[in-house]
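Topology and contacts: notes
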Amino acid sequence: SLNGGTLVLGPGFQAGGAITNLTLNGIGLTGTNRVSNGGVLTLQAGGVQGMLTVEAGGALELSGGAAKGLSQLTLVNEGTVNWSGGQLNCGGTPTTLITNVGLWDISSDGQMVQAIGGAGPQFINQGTLRKSGGTGNTDLGTIGLNNVGAVEVQSGAVRLTGVGSSVLGGSYTVDAGAGLILYSGSYSDAGGVFGGAGLSQMTGGTLTLGSNVLAGL
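Residues numbered from 1 in each chain as written. Predicted model: local features only at pLDDT ≥ 70, side-chain atom pairs only at ≥ 80, totals over all residues. Heavy atoms only, no water.

Some details on the packing of aromatic side chains
Tallying each qualifying case throughout the model produces 2 aromatic pairs. Measuring from ring centre to ring centre gives 5.1 Å for Trp-104 and Phe-123, while their planes differ by 75 degrees; the resulting arrangement is edge-to-face. Pair noted here: Trp-104 is in strand S11 (residues 103–106) and Phe-123 is in strand S13 (residues 122–125), with a separation of 19 residues, a long-range link. Judged by centre distance (4.3 Å) and plane angle (10 degrees), the ring pair of Tyr-172 and Phe-194 falls under stacked. Taken as a pair, Tyr-172 in strand S20 (residues 171–174) and Phe-194 in strand S23 (residues 193–195) lie far apart in primary sequence, 22 residues in all. The ring centre of Tyr-183 lies 4.8 Å from the NZ or CZ of Arg-159, which sits over that ring. (Phe/Tyr/Trp six-rings, centres within 6.5 Å; stacked < 30°, edge-to-face > 60°. Helix = DSSP H or I, 4+ residues; strand = E, 2+ residues; numbered from the N terminus. Lys NZ or Arg CZ within 6 Å of the ring centre and 35° of its normal.)

Next up, the structure:
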């Protein structure tokens, strides 16, 4: 098993340099990499740095209870990211930049935090960011969320914490018994619409409204 050190994938690895099946359990993957259509990259421990693209039909599995390093990573997800366990440590120089075009599914409770100094990490959601499992909190700590897609909270609560700067566009749907909490940080109105039978509320931080209140918040 790949439990330590640094891993670099050559141009002939698996599908012409693209990942079809790879599990990392403590080693650090670096460089410019991609997960192919139908491929799976599983990160149980260790981390990924550099550039990673998950192609449509591909999957990144963030599983197991160990912390996972996403510092100094530009991640573009066009497929599916399944975050089922472990804290996600972001930051560094250059900082973590995540662009989600596909599905980012959270099936447990945990934290995504800036663990290394530098500019604040950014999560740009153009697809679907969903919390489907875990009855407790998932915290995006010091992570700026720029949403123009869909945020869905089906179980537990998603909290935006820390001092990150977030842009509230797109849609937010919170199911009965679940919650979306703007806990701290700064927020800018970009026409976001909040709905569902659950709780959407701001409890701290600073909100800048452009023209009117945000529907449903």
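Let's talk about the pairing of strand S21 (residues 179–182)
Along S21, one buried face is formed by Gly-179 and Ile-181 and the opposite face, lined by Leu-180 and Leu-182, is buried too. Across 4 bridges, S21 lies against strand S24 (residues 199–202) in parallel orientation. Bridge assignment links Ile-181 to a residue of S24, and that residue is Gln-201. (Buried < 20%, exposed > 50% of the residue type's maximum accessible area, 1.4 Å probe, protein only. Pairing = 2+ DSSP bridges.)

Remarks on the nonpolar core
Burial of nonpolar side chains together is a common tendency in soluble globular proteins. Judged by nonpolar contacts, the single largest core of 44 residues is most densely connected at Leu-24, Leu-41, Trp-104 and Met-112. Element by element, the count of residues in this core is highest for strand S2 (residues 19–29), at 5 residues. When sequence neighbours within four positions are dropped, the list of residues in contact with Leu-24 reads Leu-2, Leu-7, Leu-29, Leu-41, Thr-42, Leu-43, Gln-44, Ala-45, Gly-47 and Val-48. (Core = buried A, V, L, I, M, F, W, Y, C linked by side-chain atoms within 4.5 Å. Contact = heavy atoms within 4.5 Å.)

As for the pattern of salt bridges
What the rule picks out here adds up to 4 salt bridges. Across the salt bridge formed by Asp-139 and Arg-159, the nearest N and O atoms sit 2.7 Å from each other. In this pair, Asp-139 is assigned in strand S15 (residues 137–141) and Arg-159 in strand S18 (residues 157–161), connecting sequence segments 20 residues apart. We classify Asp-139 as buried; its relative accessible area is 8%. (Salt bridge = Lys/Arg side-chain N within 4 Å of Asp/Glu carboxyl O.)

Examining the pairing of strand S12 (residues 110–116)
Examined bridge by bridge, strand S9 (residues 88–91) and S12 share 4 bridges and lie parallel to one another. Across the sheet, the residue bridging to Gly-91 is Ile-116, located in S12. Looking at chain direction, S12 and S15 are connected through 4 bridges and run parallel. Among the inter-strand pairings, Gln-111 is bridged to a residue of S15, identified as Asp-139.

Focus on the environment of Lys-131
Assignment of secondary structure puts Lys-131 in strand S14 (residues 128–131). Along the backbone, Lys-131 and Asp-105 are 26 residues apart, and their C-alpha atoms lie at a distance of 5.9 Å. The contact partners of Lys-131, leaving out residues within four places of it in the chain, are Ile-106, Ser-108, Asp-109, Gly-136, Thr-138, Glu-152, Val-153, Gln-154, Ser-155, Gly-156, Ala-157 and Val-158. A polar contact is formed between the side chain of Lys-131 and the side chain of Asp-109, at a distance of 2.8 Å. (Polar contact = N/O pair within 3.5 Å; in protein donor to acceptor, adjacent residues only side chain to side chain.)

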